[in-house]
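# A closer look at the structure
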Amino acid sequence: MFDFLFGYSFEYPFVLLLIVVFILCGKFCKPHSNALYIPHLAIYKLNQTASSSWLFILKWCTIIFAIIALASPIKQHNIINKKSDGVDIILALDTSGSMRQIGFNPQNPGQNRWEVVQDIVGDFISSRTTDNIGIVVFGSTVMTASPLSFDKKAQQKIIDTLDIGIVGD
């Protein structure tokens, strides 16, 4: 494929040669004169000169853009596929009203269960670099908070936004 600017390329780059053909034809191929005689045609042509320059520009823009579209431009992304030997992990987190109880963290007795779970899960997610992790929360109903993903930052933000009672008490 033909690479040109900023990672773009064309699937059929030789179609772009049609631009040269159209320019040459526009320069050397002259239209035939009208076979019909129309009285007062000269007056009509005088009124048409201002719009004819716009029509000329629009005609050539249309031709050039159509040829570029026929050449099938492609944007190439630099995607790196990493093969990892990680495992798929689904974390099921309780967000029911029972998570409001306090006293489960000896270092900070004022923390409730949910805050302790948030800290532990945050540390767990950041330590599992090659694993695919998903998050499901439950209370009186169940909700998928995050599908399986390698994006640890997004999952940490999801954990931070979850709260007690988000899916029912």
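Rules used in this analysis
- Residues numbered from 1 in each chain as written.
- Predicted model: local features only at pLDDT ≥ 70, side-chain atom pairs only at ≥ 80, totals over all residues.
- Heavy atoms only, no water.
- Pairing = 2+ DSSP bridges.
- Helix = DSSP H or I, 4+ residues; strand = E, 2+ residues; numbered from the N terminus.
- Axes fitted to C-alpha atoms, helices over the stretch in contact; angles between N-to-C directions.
- Contact = heavy atoms within 4.5 Å.
- Phe/Tyr/Trp six-rings, centres within 6.5 Å; stacked < 30°, edge-to-face > 60°.
- Lys NZ or Arg CZ within 6 Å of the ring centre and 35° of its normal.
- Buried < 20%, exposed > 50% of the residue type's maximum accessible area, 1.4 Å probe, protein only.
- Expected span 1.5 Å × (residues − 1).
- Right-handed = clockwise from strand over helix to strand, strands pointing away.
- Salt bridge = Lys/Arg side-chain N within 4 Å of Asp/Glu carboxyl O.
- pLDDT = per-residue confidence, 0-100.
- Patch = residues over 30% accessible without salt bridge, like charges linked within 9 Å, V, L, I, M, F, W, Y side chains within 5 Å.
- Areas by Shrake-Rupley, 256 points an atom, 1.4 Å probe, with all protein chains shown as cover.

Moving on, we get to the sheet that holds strand E4 (residues 88–94). Reading across from one edge, E4-E5-E6 is the order of the 3 strands in this open sheet, with mixed pairing throughout. Each having just a single partner strand, E4 and strand E6 (142–149) make up the two edges of the open sheet. Each strand of the sheet is rotated relative to its neighbour by a mean of 15°, with strand direction disregarded. Relative to strand E5 (residues 132–138), E4 runs parallel, the two being bridged by 7 bridges. Bridge pairing links Ile90 to Gly134 in E5. In this fold helix H4 (residues 113–127) packs onto E4 and E5, with an angle of close to 170° to the strand it touches most, E4. Strands E4, E5 and E6 of the sheet are contacted by helix H5 (residues 152–161), whose axis makes an angle of about 165° with E6.

Turning next to unusual backbone geometry. In this model, Ser72 sits at a positive phi of 55°, which is unusual for a non-glycine residue. Among the secondary structure elements, Ser72 is positioned in the loop between helix H3 (49–70) and strand E3 (73–75).

Summed over the entire model, instances satisfying the criterion amount to 1 aromatic pair. Its end group placed over the ring of Tyr8, Lys75 keeps NZ or CZ at 5.0 Å from the ring centre.

Here we take up the environment of Phe10. Examined against the element boundaries, Phe10 turns out to sit in strand E2 (residues 8–10). Owing to a relative accessible area of 6%, Phe10 belongs among the buried residues under this scheme.

Another aspect to go through is H4. For H4, spanning 15 residues, the distance from its first C-alpha to its last is 21 Å, which sits close to the expected 21 Å at 1.5 Å a residue. Where H4 is concerned, the buried positions are Trp114, Val116, Gln118, Val121, Gly122 and Ile125. Residues of H4 that are buried in the fold lie against E4, E5 and H5.

Turning next to the pairing of E4. Each regular strand carries side chains that alternate between the two faces of the sheet. Burial along E4 is one-sided: Ile89, Leu91 and Leu93 are buried, and none of Asp88, Ile90, Ala92 and Asp94, which face the opposite way, are. With H4 bridging E4 and the parallel E5, this β-α-β connection has right-handed handedness.

Another aspect to go through is the environment of Leu16. Position of Leu16 relative to the elements: it lies in the loop between E2 and helix H1 (17–28). Sequence spacing of Leu16 and Ile64 is 48 residues, and the spatial spacing of their C-alpha atoms is 8.8 Å. Each residue touching Leu16, except ones within four places of it in the same chain, is listed here: Phe10, Ile67, Ile68 and Ala71.

Right, let's talk about the pattern of salt bridges for a bit. Evaluated as defined, the whole model comprises 1 salt bridge. For the salt bridge of Asp131 with Arg128, the shortest nitrogen-to-oxygen distance reads 2.4 Å. Its relative accessible area of 29% is what places Arg128 among the partly exposed residues.

Our focus in this paragraph is the confidence of the model for the protein chain. Put simply, the protein chain has an average pLDDT of 82, and 83% of its residues get 70 or more. Averaged over each element, pLDDT in the protein chain is lowest for strand E1 (residues 2–3) (48) and highest for E5 (91).

Attention shifts here to a nonpolar patch on the surface. Residues Leu18, Val21 and Phe22 make up a contiguous nonpolar surface patch of roughly 250 Å² in combined accessible area. In this structure, Leu18 sits in helix H1.

Within the secondary structure layout, Ala145 lies in strand E6. Of the residues examined, Ala145 reaches a relative accessible area of 18% and is grouped as buried. Linking Ala145 and Leu162, residues 17 residues apart in sequence, is a C-alpha distance of 8.5 Å. Apart from the residues lying within four places of it in its own chain, the contact partners of Ala145 are Ile135, Val136, Val137, Ile158 and Leu162.

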